[in-house]
Amino acid sequence: MTLDSRDPAPSAAGDLQDKELVQLQGVVCLMGGFPALAGLDLTVGSGEIVGLRGANGAGKTTVLRLCAGLVTLSRGSGSVLGHDLGTRAGRRSTRKAVGLLGHDTSLYDDLTVEQNVRFWARANRAAEPDVLAAMDHLGVAGRVATVKVAGLSAGQRRRTALAILVARRPRLWLLDEPHAGLDHDGRNLLDQLLMDAAAAGATIMVATHDVGRIDDILTRTVIVHGGTVHEHPIRPIGRPGGTDV
Amino acid sequence: MFELLRDARMVLGKDLLIERSSRVVTAQVVPFAVMILILFGFGISPDLRILDSTATVAPSVLSRVTPGLLFLAVLFASLLAIGRSFGVEANDGTLDGLRMAGLDPAGIFLGKAGAVVVQLLGVSAVVTSGAFLFFSVRIEWSVARAVLGVTTAGAAITAIAAAGTLYSALAAGQRERESLVPLLVIPVLAPVLLGASQATEAALFGAVADGWPWVAALAAFAALYVGAGILSFETLLEDM
């Protein structure tokens, strides 16, 4: 199956291919008055697979939600795929262009796997062949497709959400603990999926506590601490074609 | 405009599909509305009669207050339907999913309100039949009365669904939303209850012409809340 990104680059940033897809400068995000991000600087280049690490509450999820256009900037500036995160229109354009798999899977319990995937694929303007291919690839076609999501295991829910993400073919993948709930085969499948997506031109940001396992496919790791990027090392690359520093 | 209608139809279809699968309205909201109606019947003795020297048989108080009781039952039932409408979006981050899909916020509002309208029309059909059955309402049927009754129900339910969807979205980010929504919605919908009762009373017992000004007021109320929802839903979703 093809994992080429469907969304073209925005006109204002047609040359993003070789530049930073994510640019965050001095970003402050308040959550109920608490600074979930407190002056964070981060840039992510095209084709990177960036791991976000940090303790619980460090701000990893907020970074991903900010990059998804779901969180409002309180201070600082940021752009994703050329869209300004400081404006409502920019956040709306960002949401259309990126794919987010958070802690929640965004599935309707009362609908079957197939009904969920088809609804979200239609909502995301994904093509029918992509939907079928994604379901097949993630192992949620066939008998599983007819099961209501409420009856699925955590891993099957994850696979269904991933099928929706894959069918969407975003340029920027934002994944929050994507391995959670997946079995050994599922984890391998996900890792392969990430490498294929990156090889096809997608950029990926992954928040994970899964030290060791995913390191081989990351181009670098960013440590988030207290709402800022505490450490920003460029890691040696385990995958071919990565940036070696 | 085409995208807005497309998104509205998609969300409406999804919500009706969820109802077809879960049967919450059929199995819970409708019985709840009928139960309220029956309890009203227990509260007002069917033997209480209105003194009317022109009538051969004095009408019962219960039958004459039916229009108000009917819409009270629909109003209370609507709180469950509206709560359910946003309850399915509160689980598992689906509201974020709708935002991430880039659907037009006005389309999401129209789709969700539209699904509540369809469900409440079904509820009101059952409740109306129940009211005629339980309260022995006797009227002289005519096309004009039927048209007034159906138009009243349509306008009142549209107003309830639009205002309810708007206030549910307003409360969606709050932890206390289940108790907050009735507190917000019931006072706002008091004029709808008044208008719908008056128009239905005209349709059932009075002069049909007396009902249309109330229907116009209901339609204006519905238009106001549909307009407010279309204009403000993006801001409400953004602030969640």
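Quantities reported herein were computed from a predicted structural model and do not represent experimental measurements.

Caption draft 1: Fine view of the confidence of the model for chain A. Residue and element names in this part refer to chain A. When pLDDT is averaged across chain A, the result is 83; 86% of the residues are at 70 or more. Confidence over residues 8-14 falls short of pLDDT 50; this stretch has ten contacts with residues more than four positions distant or in other chains. Here residues 236-245 is a poorly scored stretch, pLDDT under 50, and it has 18 contacts once near neighbours within four places are set aside; other chains count.

Caption draft 2: Region of the structure containing the packing of aromatic side chains. Under the defined criterion, the tally for this structure stands at eight aromatic pairs over all chains. Aromatic side chains Phe119(A) and Trp120(A) sit 5.0 Å apart centroid to centroid with 65° between the ring planes, which places their arrangement in the edge-to-face category. Residue class for Trp120(A) comes out buried when judged on its relative accessible area of 2%. Pairing Tyr167(B) with Tyr225(B) gives two aromatic rings, centres 6.1 Å apart and planes at 45°, and the pair type is tilted. With Tyr167(B) in helix H7 (residues 143-171) and Tyr225(B) in helix H10 (residues 208-238), the pair connects residues that are 58 residues apart, well separated along the chain. Each member of the pair, Tyr167(B) as well as Tyr225(B), is classed as buried. An aromatic cluster of three or more residues is present, and its members are Tyr108(A), Phe119(A) and Trp120(A). Cation over ring: Lys112(B) sits above Phe86(B), and NZ or CZ is 5.7 Å from the ring centre.

Caption draft 3: Structural detail: the packing of helix H2 (residues 24-43) of chain B against helix H6 (residues 105-134) of chain B. All names here are of chain B. Relative to each other, H2 and H6 sit at 35°, their axes nearing to 10 Å. Once H2 is placed against H6, the crossing between them reads as right-handed. On the side of H2, the interface is formed by Val 25, Val 29, Val 30, Ala 33, Val 34, Leu 37 and Ile 38, while H6 contributes Gln 119, Val 123, Val 126, Val 127, Gly 130, Ala 131 and Phe 134. When grouped by side-chain class, the residues that make up the contact of H2 with H6 number twelve nonpolar, two polar and no charged.

How each quantity is defined
- The numbers attached to residues start from 1 for each chain and follow its sequence in the written order.
- Chain labels run from A onward and ligand labels from 1 onward, assigned in the order the entries are written.
- Residue-level local features of this predicted model are given only where pLDDT is at least 70; pairs of side-chain atoms are given and counted only at 80 or more, and the full residue set underlies all totals for whole chains, interfaces and linings.
- Processing note: side-chain calculations cover all non-hydrogen atoms of the structure and skip hydrogens and water entirely.
- Confidence of the predictor in every single residue is expressed as pLDDT, which spans 0 to 100.
- Throughout, a residue-residue contact means that at least one pair of heavy atoms, one from each residue, lies within 4.5 Å.
- The rule is short: rings of Phe, Tyr and Trp, with Trp giving its six-membered ring, pair when the centres are within 6.5 Å, and they are stacked under 30 degrees, edge-to-face over 60, tilted in between.
- Buried means the residue's accessible area, taken with a 1.4 Å probe over protein chains only, is under 20% of the maximum for its type, while exposed means over 50%, and partly exposed covers the values in between.
- Numbering of helices and strands runs from the N terminus; a helix is a DSSP stretch of H or I covering at least four residues, while a strand is a stretch of E covering at least two.
- Only Lys NZ and Arg CZ are tested; either one counts as a charge over a ring when it is within 6 Å of the ring centre and within 35 degrees of the ring normal.
- To get an axis, fit a line to the C-alpha atoms, keeping to the stretch in contact for a helix; angles then go from 0 to 180 degrees between the N-to-C directions.
- In a left-handed crossing the near helix is turned counterclockwise from the far helix by less than a right angle, and in a right-handed crossing that turn is clockwise.
- Any residue outside Ala, Val, Leu, Ile, Met, Phe, Trp, Tyr, Cys, Pro, Asp, Glu, Lys and Arg is labelled polar, Gly included; the first ten of those are nonpolar and the last four are charged.

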